[in-house]
Amino acid sequence: MPLYVQAGLWGLLSGAALVIGAALAWFADLPRRWIAAITAFGAGVLVSALSFDLMDEAQRRGGFGPTAAGFLAGAVAYTAANIALSRYGARHRKRSGPQQAEEGGSGTAIAVGALLDGIPESVVIGVSLLAGEGVSLVAVAAVFLSNLPEGLASAAGMRKAGRGAAYVFGVWTGIALVSGLSALLGALLMDGAGAGAVAFVTAIAAGAILAMLADTMIPEAFETAHDYAGLITVLGFLAAFVLTKLGG
């Protein structure tokens, strides 16, 4: 099976967690405190993964320069896009409470914002295959574990905002498919690229992910699960750290 097809399938698997999370929010009607706790855990997983798996690997491959440049570029690009989307009502797209309804945001802006959050994570999965050692199971596990609360919190907010099932599941199914496509393109386009270029792209994704965490997931986690959010985030960080070391 071609490398890029493998990447697409792994990206699709990790993206499927968004649909699972949305289904849990739609059918189970979980308490906001539970959603916030799951979100905090997912945030900790991603912080650990981007620290020990993405940034460390990028620096080892391409050196400090491309890694630092890519990290900052990813954060700036994500922040600029997020600011633009926020003007159209997508600021609270990952919130499980009434914020989406109060903001009255455009459904298209919310969908595009959710897509913006998911693409960098998927690209990382595709690029991880280029080392010739198979997919990074740590990256797949981290993205899957973080996508679950992302879909859960955002779909809960969409439901409170009066979005219908067709919209909610259409958005998350579409993003899951785009996640697979992003991983596929990441492997296809970067195949044969130099170490510095791979490091730069990996770091771009890491910078965008960290900016996304600070803008969307962490506010949701700490607003509702404030007393325990820090501890739960640490547990998520530790879980991904252990996966990284076992995978290494």
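Cut-offs applied
- Residues numbered from 1 in each chain as written.
- Predicted model: local features only at pLDDT ≥ 70, side-chain atom pairs only at ≥ 80, totals over all residues.
- Heavy atoms only, no water.
- Phe/Tyr/Trp six-rings, centres within 6.5 Å; stacked < 30°, edge-to-face > 60°.
- Helix = DSSP H or I, 4+ residues; strand = E, 2+ residues; numbered from the N terminus.
- Buried < 20%, exposed > 50% of the residue type's maximum accessible area, 1.4 Å probe, protein only.
- Lys NZ or Arg CZ within 6 Å of the ring centre and 35° of its normal.
- Core = buried A, V, L, I, M, F, W, Y, C linked by side-chain atoms within 4.5 Å.
- UniProt positions renumbered as here; feature names shortened; annotations may be inferred.
- Contact = heavy atoms within 4.5 Å.
- Axes fitted to C-alpha atoms, helices over the stretch in contact; angles between N-to-C directions.
- Parallel < 35°, antiparallel > 145°, perpendicular 65-115°, else oblique.
- Left-handed = near helix turned anticlockwise from the far one by under 90°.
- Nonpolar A, V, L, I, M, F, W, Y, C, P; charged D, E, K, R; others polar.
- Salt bridge = Lys/Arg side-chain N within 4 Å of Asp/Glu carboxyl O.

Comments concerning the packing of aromatic side chains
Thinking step 1. One pass over the full model with this rule turns up 4 aromatic pairs.
Thinking step 2. Measuring from centroid to centroid gives 6.1 Å for Trp26 and Phe169, while their planes differ by 70°, and the two rings are edge-to-face. You can see Trp26 sitting in helix α1 (residues 3–28) and its partner Phe169 sitting in helix α7 (residues 165–190), a full 143 residues away along the chain.
Thinking step 3. Judged by relative accessible area, Trp26 falls into the buried class, the value being 17%.
Thinking step 4. Ring geometry for Phe52 against Phe237: centres 5.7 Å apart, planes inclined by 75°, an arrangement best described as edge-to-face. With a gap of 185 residues between them, Phe52 in helix α2 (residues 32–62) and Phe237 in helix α9 (residues 226–247) connect regions that are remote in the sequence.
Thinking step 5. Grouped by ring-pair contacts, the aromatic residues Trp26, Phe27 and Phe169 constitute a single cluster.
Thinking step 6. The ring of Trp26 has Arg159 sitting right over it, with the charged end atom 5.3 Å from the ring centre.
Thinking step 7. Here Arg163 stacks its cationic end above the ring of Tyr167, 5.1 Å away from the centre of that ring.

Describing the nonpolar core
Thinking step 1. Counting 17 residues, the largest nonpolar core has Leu46, Leu50, Leu54, Ile209 and Leu213 as its most contacted members.
Thinking step 2. Only α2 and α8 (195–224) provide two or more residues apiece to this core.
Thinking step 3. Counting residues per element, this core draws most heavily on α8, which supplies 9 residues.
Thinking step 4. Ala22, Ala25, Ile35 and Leu152 belong to the second largest nonpolar core, which has 14 residues in total.

What about the UniProt feature "transmembrane region" (unreviewed entry) in the protein?
Thinking step 1. Residues given the UniProt feature "transmembrane region" (unreviewed entry) here are residues 7–28, 34–52, 64–85, 123–145, 166–189, 195–213 and 225–243.
Thinking step 2. Helix makes up 100% of residues 7–28 and strand makes up 0%, while its end C-alpha atoms are separated by 32 Å.
Thinking step 3. The span residues 34–52 is 100% helix and 0% strand, and its two end C-alpha atoms sit 27 Å from each other.

Observations regarding the side chain of Ser14
Thinking step 1. Examined against the element boundaries, Ser14 turns out to sit in helix α1.
Thinking step 2. For Ser14, a relative accessible area of 1% puts it in the buried group.
Thinking step 3. Ser14 has contacts with Ile125, Val140, Val143, Phe144 and Asn147, leaving out every residue within four places of it along the chain.

Let's talk about the packing of α2 against α8
Thinking step 1. Where α2 contacts α8, the axes come no closer than 9 Å and their chain directions differ by 160°. Our classification of the angle between α2 and α8 gives roughly antiparallel. At the point where α2 passes α8, the crossing takes the left-handed sense.
Thinking step 2. Considered class by class, the residues forming the contact of α2 with α8 number 22 nonpolar, 6 polar and 5 charged.

Side note on the pattern of salt bridges
A side chain with one charge can pair with a side chain of the opposite charge if their charged atoms come near.
Thinking step 1. Using the criterion set out here, one finds 2 salt bridges in the structure.
Thinking step 2. Here Arg60 makes a salt bridge to Glu57, at a shortest N to O gap of 2.7 Å. On the criterion of helical spacing, the pair formed by Arg60 and Glu57 is a turn pair, its members being 3 residues apart in helix α2.
Thinking step 3. For Arg60, a relative accessible area of 57% corresponds to the exposed category.
Thinking step 4. Of the residues examined, Glu57 reaches a relative accessible area of 26% and is grouped as partly exposed.
Thinking step 5. For Arg61, the salt bridge is made with Glu57, and the minimal N-O distance between the two is 3.3 Å. Of the two residues, Arg61 and Glu57 are both situated in helix α2; the distance of 4 residues between them amounts to about one turn of the helix.
Thinking step 6. The class for Arg61 is partly exposed, based on a relative accessible area of 23%.
Thinking step 7. Through salt bridges that share partners, Glu57, Arg60 and Arg61 make up one connected network.

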